[in-house]
Amino acid sequence: MLMTMKDLLAVAHANHFAVPAFNMSNNMLLRGVIEASEEAKSPVIFAIHPDELAFVRPAFIKTVIEEANKIRVPVCIHLDHGSTIKQIMEAIQCGFTSVMIDASTRPLEQNIAISKQVVDIAHCVNVSVEGELGTIGTTSPQAEAGTDDIIYVNPADVETYVQATGVDTLAVAIGTAHGLYPKDRKPKLRLDLLKEISARVGIPLVLHGGSGNPDEEIAQAVKLGINKINISSDIKNAFYLKCREVLSDTGLYEPLMIYPACIDAMKKVAHHKIDLFDATGKAALYECRA
Ligand SMILES: [Zn+2]
């Protein structure tokens, strides 16, 4: 059941849960995400970053769309961290139903101008738009966009940005970082800030860099208005940890012998996240609306 992010998150917003957005850049991760979401009867977001899109090549999106049309839970196909109009246009032409424009490192006026331009283009063709305020941290060169130091959202900017741009969802920097946290770095979520932002705007809020934060903090964030949480490193790490273990048998070379155990390992993590976001069983809420 392929839909836009706006429709997908409207139900999450009304029912106070968060939909997981899993980043994927190969068929195995796609398959694991589909299986876990169907087993948990959870809505889901297939997230693909422009670097991932360049790696898998646009033809991969044809497979993703076919799977999205067949999957038995609500889904949207989302461009994660688009940074240029060219990337946004390519994603729309590929068939994404949602795009993110991340101009968060630019001054507010420039962020507003480019986000508004993306909204004007995307809404014409019924594609949803996610914007970002503040900047999410990064932990390693393998992780997605981010700054070494997290710049927390200025709550005063939130209403201005949402009203001026017309974005459907907003990613807010409240203390998370992309990638896996090193042992000496503890993420610190500013839940007080999230509460203030939720009170100011009525659109669904998004948490990036959701891998590795304490479960209690994530559960609290969901209660306080987060309706989409991005998970990338946690599922990929589980997948490749198992891969390394399986490949310690140096005689193995057949993909269908190697990958099933890796898919199962990533599915365990996906199931845990779906439960933590209170999304288990929530696909039924969408059937009621149909
Ligand atoms: Zn992100």
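Residues numbered from 1 in each chain as written. Predicted model: local features only at pLDDT ≥ 70, side-chain atom pairs only at ≥ 80, totals over all residues. Heavy atoms only, no water.

S.K.: Help me get a handle on the overall build of the chain, residues and values and all.
M.R.: Along the backbone of the chain there are twelve helices and ten strands. Its C-alpha radius of gyration of 18 Å places the chain within 12% of the 19 Å reference for a compact globule of 290 residues. Seen through its C-alpha atoms, the chain measures out along the principal axes to roughly 60 × 45 × 35 Å. Looking at the 290 residues of the chain, the share that counts as buried comes to 55%. The contacts of the chain with a sequence gap of at least 6 include a subset with a gap of at least 24, amounting to 72%. Each charge class in the chain can be summarised by its mean position, and for the 27 positive and 35 negative side chains these summaries are 2 Å apart. (Helix = DSSP H or I, 4+ residues; strand = E, 2+ residues; numbered from the N terminus. Rg over C-alpha atoms; globule rule 2.2 N^0.38 Å. Buried < 20%, exposed > 50% of the residue type's maximum accessible area, 1.4 Å probe, protein only. Contact = heavy atoms within 4.5 Å. Lys, Arg positive; Asp, Glu negative; His and termini not counted. Charge placed at Lys NZ, Arg CZ, Asp CG, Glu CD.)

S.K.: Please provide a residue-by-residue account of the pattern of salt bridges, values included.
M.R.: By the definition in use, this model includes 13 salt bridges. Among the salt bridges present, the one from Lys 282 reaches Asp 278, with a minimum N-O distance of 3.7 Å. On the basis of relative accessibility, which here comes to 17%, the residue Lys 282 falls in the buried class. Here Asp 278 falls in the partly exposed class, since its relative accessible area comes to 41%. Residues joined by salt bridges that share partners form a network here, namely Arg 31, Glu 35, Glu 39 and Lys 267. (Salt bridge = Lys/Arg side-chain N within 4 Å of Asp/Glu carboxyl O.)

S.K.: Requested: an account of the sheet that holds strand β10 (residues 226-231), with residues and values cited.
M.R.: Reading around the circumference, β1-β2-β3-β4-β5-β7-β9-β10 is the order of the eight strands in this closed barrel, with parallel pairing throughout. For this sheet, the mean inter-axis angle between neighbouring strands, taken without regard to orientation, is 25 degrees. As judged from the two bridges shared by strand β7 (residues 169-172) and strand β9 (residues 205-207), these two strands associate in the parallel manner. Bridge pairing in β9 links Leu 170 to Leu 205. (Pairing = 2+ DSSP bridges. Axes fitted to C-alpha atoms, helices over the stretch in contact; angles between N-to-C directions.)

S.K.: Please set out the pairing of β7 residue by residue, giving values where relevant.
M.R.: The alternating pattern of β7 places Thr 169 and Ala 171 and Leu 170 and Val 172 on opposite faces, both of which are buried. Of the pairings in the sheet, the one linking strand β5 (residues 128-133) to β7 comprises four bridges and is parallel in character. Bridged to Glu 130 within β7 is Thr 169.

S.K.: Now, about the state of the cysteines: what can you tell me, with residues and values included?
M.R.: Where two cysteines share a covalent bond between their sulfur atoms, that bond is called a disulfide. Per the counting criterion, the structure on display carries zero disulfides. The thiol of Cys 243 is unpaired, and the distance to the nearest cysteine sulfur, on Cys 262, comes to 3.4 Å. (Disulfide = S-S within 2.5 Å.)

S.K.: With reference to specific residues and values, describe the packing of aromatic side chains.
M.R.: How two aromatic rings sit relative to each other is given by the distance of their centres and the angle of their planes. Applying the stated criterion across every chain, the model contains two aromatic pairs. Within the aromatic cluster, the residues linked to one another by ring pairs are Phe 239, Tyr 240 and Tyr 259. For Arg 190, the ring lying beneath its charged end belongs to Tyr 152, and the centroid distance is 5.4 Å. (Phe/Tyr/Trp six-rings, centres within 6.5 Å; stacked < 30°, edge-to-face > 60°. Lys NZ or Arg CZ within 6 Å of the ring centre and 35° of its normal.)

S.K.: So what's going on with the nonpolar core? Which residues, and what values?
M.R.: In terms of nonpolar packing, the biggest core is built from 91 residues, with Phe 46, Phe 96, Val 99, Leu 170, Ile 197 and Ile 229 touching the most fellow members. Looking at which element gives the most residues to this core, the answer is helix α11 (residues 255-276), with seven residues. In contact with Phe 46, not counting residues within four places along its chain, are Phe 22, Met 24, Leu 30, Val 33, Ile 34, Val 64, Ala 68, Ile 71, Val 75, Cys 76, Ile 77 and His 78. (Core = buried A, V, L, I, M, F, W, Y, C linked by side-chain atoms within 4.5 Å.)

S.K.: Go over the pairing of β10, please, and point to the residues and values.
M.R.: On any regular strand, side chains alternate: one points to one face of the sheet, the next to the other face. Counting buried residues along β10, six of its six residues qualify, which places the element largely inside the surrounding structure. Where strand β1 (residues 19-23) lies against β10, four bridges are found, and the strand directions are parallel. Looking at the pairing, Phe 22 lines up with Ile 231 of β10. Where β9 and β10 come together, three bridges link them in parallel fashion. Across the sheet, Leu 205 pairs through a bridge with Ile 226, a residue of β10.

S.K.: So, helix α2 (residues 27-40): which residues are in play, and what are the values?
M.R.: Look at α2: 20 Å from first C-alpha to last across 14 residues, which is about the 20 Å you get at 1.5 Å a residue. Leu 29, Leu 30, Gly 32, Val 33, Ile 34, Ala 36, Ser 37, Glu 38 and Ala 40 are the residues of α2 that are buried. Considering only its buried residues, α2 is in contact with β1, β2 (44-48), α4 (59-70), α10 (233-246) and α11. A distance of 2.9 Å separates the backbone nitrogen of Met 28 from a side-chain oxygen at the start of α2, and that oxygen is part of Asn 26. Once α2 finishes, Lys 41 follows within two positions and takes phi at roughly 50 degrees, a positive value. (Expected span 1.5 Å × (residues − 1). Polar contact = N/O pair within 3.5 Å; in protein donor to acceptor, adjacent residues only side chain to side chain.)

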